[in-house]
Amino acid sequence: MELARTPRLLLRHWEESDLDAFFDIYSRDDVMRWLGPHPRRALTTTDEARERLARWSAGSRKLEPPLGMWAMVPLSPAEQPPAGTLLLMPLTDADGPAGLPEIGWHLHPRCQGHGFATEAAEAVLTAAAGAGIGEVLALTDLDNVRSQAVAVRLGMNDEGPTGRWYGLTTRQYRKTLTASERLA
């Protein structure tokens, strides 16, 4: 399923045929060092990647778009593998569903620094506003200054460190989607 197109990217569901690209991204320590609970570890086998990709795909397809785990596929040159993931996922804390989605981005190192995360996130935030979502959080590792810069470029407000999510201390950013953004 296609969620959106930007000038340079297609945002769509991850597919089984993306396994090699998925493994290439998530088997890298320089990607995985920022993701998930501790201990953080990169994928080590294609079987492990296949299982995670299947789990992500199944979970994403159960959600109402724009919620989901979206593959960021560069449009040019044609036939490129996904460059990363743009996620918009419901957050849960110790009390259960929080009623807020988290926006996040994971990119292959060769695709970092080209504005893909910002471009994809802007498209998903527009879709979120159109779907009636009023607020979105971004949670970054405390030392992940590149992801924090993306959150700032998106107009998100830095609310500082929090220990509310995932059993980790993260830096929390919030964006309230305005009426004009909802009409965009």
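Scroll up a little and you will see the structure.
All figures in this text were calculated on a predicted structure; none of them were measured in a lab.

What counts, and where the lines are drawn
- Residues numbered from 1 in each chain as written.
- Predicted model: local features only at pLDDT ≥ 70, side-chain atom pairs only at ≥ 80, totals over all residues.
- Heavy atoms only, no water.
- Helix = DSSP H or I, 4+ residues; strand = E, 2+ residues; numbered from the N terminus.
- Expected span 1.5 Å × (residues − 1).
- Buried < 20%, exposed > 50% of the residue type's maximum accessible area, 1.4 Å probe, protein only.
- 1 Å grid on protein atoms, 1.4 Å probe; cavity = no way out; pocket = protein on both sides within 12 Å on 5 of 7 lines; lining within 4 Å.
- Points joined across faces, edges and corners; volume = space filled by probe spheres on them.
- Nonpolar A, V, L, I, M, F, W, Y, C, P; charged D, E, K, R; others polar.
- Salt bridge = Lys/Arg side-chain N within 4 Å of Asp/Glu carboxyl O.

## Focus: helix α4 (residues 116-130)
Next, step 1: The end-to-end C-alpha separation of α4 is 21 Å, in line with the 21 Å expected for 15 residues at 1.5 Å each.
Next, step 2: Among the 15 residues of α4, 11 are classified as buried, and the element is accordingly described as predominantly covered.
Next, step 3: Those residues of α4 that fall on the buried side of the exposure criterion are F116, A117, T118, E119, A120, A121, A123, V124, L125, A128 and A129.
Next, step 4: Downstream of α4 by a residue or two, G132 has a phi angle that is positive, lying close to 90 degrees.

## Remarks on the layout of surface pockets
Next, step 1: If you add up the space inside the largest pocket, you get close to 1,200 Å³.
Next, step 2: W34, L35, G36, W105 and H106 are, among the 50 residues lining the largest pocket, the residues nearest its centre.
Next, step 3: No other element matches the 6 residues that strand β5 (residues 96-107) contributes to the lining of the largest pocket.
Next, step 4: In terms of residue class, the lining of the largest pocket is made up of 25 nonpolar, 14 polar and 11 charged.

## Remarks on the pattern of salt bridges
Next, step 1: Per the counting criterion, the structure on display carries 14 salt bridges.
Next, step 2: For R5, the salt bridge goes to E2, with nearest N and O atoms at 3.0 Å.
Next, step 3: Take R5: its relative accessible area is 51%, and that puts it in the exposed class.
Next, step 4: In this structure, R8 engages E119 in a salt bridge whose closest nitrogen and oxygen atoms are separated by 2.7 Å. Placement of R8 in the loop between β1 (2-5) and β2 (9-13) and of E119 in helix α4 is noted, with a sequence separation of 111 residues between them.
Next, step 5: Owing to a relative accessible area of 13%, E119 belongs among the buried residues under this scheme.
Next, step 6: Through salt bridges with shared partners, a single ionic network connects R12, E15 and D18.

## As for unusual backbone geometry
Next, step 1: Put simply, P65 and P66 share a cis peptide bond, and its omega is 20 degrees.
Next, step 2: Locating P66 in the fold gives a position in the loop between α3 (46-61) and β3 (68-74).
Next, step 3: Cis geometry is found at the peptide bond from S76 to P77, where omega equals -10 degrees.
Next, step 4: Looking at the secondary structure, you find P77 in the loop between β3 and β4 (84-93).

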